[in-house]
Structure formats: C-alpha cells, structure tokens
Amino acid sequence: MQKRKRRFLEKGQNLMMLRTLRLEKAKKAEQQKELTINNALTKCKLTSSEVVPDINNLLKNNTIGNLVESLGHGNRNKIRANAADALAHIASGSSEHSNLIAKAGAVPRLIRLIQSPDLEVSEMGILCLGNLLHFAPNLRDFMITNRVVQKLISIIQAKRTCTLMLSHVTWVLRKLCISSPTSRPDNVDEIAQALNVLLYNPEDKILEDALMAVRNLAHENETIPMLLDLGVVPRIIYLLEHPNVLVQNAALQALINIASGSEEQIQELLNNNLLPHLSALMSNSDPDIRCHVLRILQNVADGNTFQRQAIMNAGLLHKTLECLKGDAIPLKSAAALTISTLAIDKDKNLLYYLMRQGVIPELCNLLLSQETDIIYNVLDMLSTMLDVDPSFLAEVSGIIEWSGALNKIRMLQSNEQEEIAVVARKIISNYFPDKPGIATKF
C-alpha cells in the first residue's frame, strides 16, 4: 500500500515537473519571439541616419519569416502589434522589401489584424498594409482579393471608431483606389459610398485623403457617373472654400478628373455652381491652386460651345489671360492650353479680342517650352489666328516676326514630333514662304 502510494506521488510530481518544464519552455519561446521582434524593431526603425536592413541579411536571419509568424492568433497582442510595426518599417525600404513581406504570407494575417478588438493591433495592421501598398502598388489586387476593402469599410461604419483610426483607414483606401492596369475593385460602389461619408468628417487629413481617393477613382471614366449619382460633387465644390490649402488642392484634383468626363458630366459640375468658386480661386496667391483651376477650365472648355461660353461669361477668360502674362512658366503653360481650348470654335470675335489683349507675343514666348503638347497647341493657335480671317493676316504675321517667333517656328519644322513639324511647316509655307531663315533641328 505504501509502495503504491509512493508511486502515485512520484507520478504526480513528475507530471507537475513536466508541466512546469512545458510552461518554462513556452515562456522562453515567448521571450524569444519578443527578443526577435525587439531586435527587428531596433534594426528596422528609420531615422535620418538609419536604413532598412539589406535584403540578404533579412533572408539570412529569417527576420521577416519570424515577424510574419508572430502575427498569428497564438501570440500576445503586444507581440502581434510590434511585429506589424516592424514589418511596416521594413516595407518602407523598397518595393523589393514589401514584396518579400507579402511573399512570406503577411498580407492575409495583416488583414485579419484589422478587426482585432485590441486597438493597437488593429492600428499597426492597417499601417503596415498602407506601407506595403505605398511601396508595392502591385499588391493592390491581391489585397482586394483577400477582402481588405470590406474590413476597412466595416471600421468606417462602426460608430465608435476613433479619429486616428479613421485617418489610417482613409489613407489606405486612398492607396487602394489608385487605378490598376489590370482591373478596378469589384466593390468600387461600396468604396465610393464610404468615401462619401468620410467627406463630411471634420478632420483635415481625413478630408484630404478622401478627396484624393475620389480623384483616384475618377481617373477611370467609368466611375464618374457613379460618383455623380452618389452626390459627391456638391460636397467637393463646397470644400474648395476650405481654409486648409491641402484640402483645397485635393478637392481641385478630384474635380480635374471628374471634369474629364462627358459633356453631360461637365454640365453637372456647372449646374452645381463650379465656375464662381473657380473664379474666386484664381485670385489665390498659391500658384499650384491656380494651375489646378486652369486644368479644370481646360477640361470644361473641352466640352461644348455653351460650356466654353459659360467660362467666358463667368469672367474667367480675363483671369486666364492674367496668368498667361505672368512670370511663372507652369501658370503660363496651363493658361496657354486653356486659351487654345477656348478658341477651338475659331470664333472671330474671340480671336480678335485675344489679339487686342496681347496674347500672340505671350504664346510665342512658349515656343521654347520643353513640353510638346504646349508647343503644338501654341502653333495650332497661331495657325488658327493666321487662317481665320484675311483681315487678321497682316497684323498677326507682323507680331510673329516682331516677337522673334518666326525663327523658332522655322526650327520647329525639323522637330522630332511629327505633328509639331507639320504645323510649323504649314505656317512657314502658307504665310512666310519668302522670309529668309535657316531651319535647324530644334
């Protein structure tokens, strides 16, 4: 009896020792994971004097593999959050770093982290996905396939989502909306609806990223009707008055793409009082703002005759001419393109007005531009002015000679771009055949 009791006690002690050993082993494994992550964080956090570890070192030490393994459910939340943080820093190294992380199986695990009840885990997962998208846009379709959009939208729809988390989510959505050469998201309508909600958020950064996401969506003409149906245009136009210049810029960029649609879609913008807002922004001191306004006007002017007339009725032609006569080359170039589009109908009265406003010398100065579309449009505009009415010919040709543009046009006859060379040859042969000059390669 005593022997049996002794054996039972010894067996119990052995089981307890075995359990203790297992707990110690698990604790050591946990400590090793934390050590791995801490080492990765120490090596991978970027400062002005540090760089992301070399790809070969990461592979040699299996750093990425260990970090991806640490994202799993069996780990403590702190470990998972720190692992996602370390991977986010590695992803910022290059496209190769980001693709290596994806190849190690990180993307599905990071997407699962998004809906973690632990806010830090969720936040680090979102930020890591954002970095992967930023440095490796090729991962976009793979993330969408793994239902990242639905996870992000569920966070937007949650009533208690904090502002910081919404900011992270909007930033990732902005990256996801960048057009892919292969496809656009199947659930683009859900994304657009979520963005429409975010456009009413009071935070500047959220507004900026939501507007840039709309811009990215509107890059594809097929999505413009859907955006119009959702009613985003009045809100975007309203945000043109926002005090933050970054929000204004983002709103203008969204409208540039929306205005590249059909005449009916352009008219929708005009019906929402776009032009008065643009007229006010043409007095803005920021040249980037005015350049964006001119790009919108160029797209609107590319619509129909009535839409071009609406621009002039709003007093925007005069403000465009002011930009053409300024010193900033980007503004002068954008103004020249807008004016050439406004004059596409070859209206004599408009062309005569432009001549009287001193447009021709300003256009001629842009013939030395490095941008082929500007050179072509300037030449086409000059050709139109020479051709539209015989009574204009002597005055226009005289201004071209006086401004020194004739030699520039002669040189452009040998331009590499055939369409430029053709217009230049037409001007010389039709209007200056007897004028001396040497044609050289421009």
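Summarised in this report is the structure supplied together with it. Everything numeric in this text was worked out from a predicted model, so none of it was measured. (Residues numbered from 1 in each chain as written. Predicted model: local features only at pLDDT ≥ 70, side-chain atom pairs only at ≥ 80, totals over all residues. Heavy atoms only, no water.)

### Digging into the environment of Leu-350
Applied cut-off: The secondary structure listing takes helices from DSSP runs of H or I that are at least 4 residues long and strands from runs of E that are at least 2 residues long, numbered from the N terminus. Contacts were defined at the residue level, with two residues in contact if any of their heavy atoms lie within 4.5 Å.
As for its position among the elements, Leu-350 is in helix α22 (residues 348-356). On a C-alpha basis, the gap between Leu-350 and Met-312 in space is 9.9 Å, while along the polypeptide they are 38 residues apart. Each residue touching Leu-350, except ones within four places of it in the same chain, is listed here: Met-312, Leu-317, Leu-342 and Ala-343.

### With respect to the environment of Asn-201
Our working rule: Throughout this description, buried means an accessible area under 20% of the type-specific maximum (1.4 Å probe, protein chains only), exposed means over 50%, and partly exposed covers the range between.
For Asn-201, the location among the structural elements is in the loop between α11 (188-198) and α12 (204-218). Looking at Asn-201, the relative accessible area reads 14%, which means it is buried. Excluding anything up to four places from it in sequence, Asn-201 contacts Leu-166, Ile-206 and Leu-207.

### Some words on the pattern of salt bridges
We count it as follows: By definition, a salt bridge exists where a carboxyl oxygen of Asp or Glu is found within 4 Å of a side-chain nitrogen of Lys or Arg.
This structure, assessed with the given rule, holds 10 salt bridges. Its salt-bridge partner being Lys-332, residue Glu-362 comes within 2.7 Å of it at the nearest N-O pair. You can see Glu-362 sitting in helix α23 (residues 359-365) and its partner Lys-332 sitting in helix α21 (residues 329-342), a full 30 residues away along the chain. We note that Glu-362, like Lys-332, is buried.

### Remarks on the packing of helix α10 (residues 163-176) against α11
Each pair of packed helices gets described by two things: the angle between the helix axes and the distance between those axes. Just so we agree on the cut-off: For helices, the axis comes from a line fit to the C-alpha atoms of the stretch in contact; other axes are also lines fit to C-alpha atoms, and the angle between any two N-to-C directions lies between 0 and 180 degrees. Roughly parallel covers angles under 35 degrees, roughly antiparallel covers those over 145, roughly perpendicular covers 65 to 115, and oblique covers all other angles. Note on convention: near helix rotated counterclockwise from far helix by under a right angle means a left-handed crossing. Clockwise means right-handed. Gly is placed with the polar residues, together with every amino acid not listed as nonpolar (Ala, Val, Leu, Ile, Met, Phe, Trp, Tyr, Cys and Pro) or charged (Asp, Glu, Lys and Arg).
α11 packs onto α10 with a crossing angle of 135° between their chain directions and a minimal axis gap of 12 Å. Taken together, α10 and α11 sit at an angle that is classed as oblique. Both α10 and α11 take part in a crossing whose hand is left-handed. Together, Leu-166, Thr-170 and Leu-173 of α10 and Ile-191, Leu-195 and Leu-198 of α11 make up the contact between the two elements. When grouped by side-chain class, the residues that make up the contact of α10 with α11 number five nonpolar, one polar and no charged.

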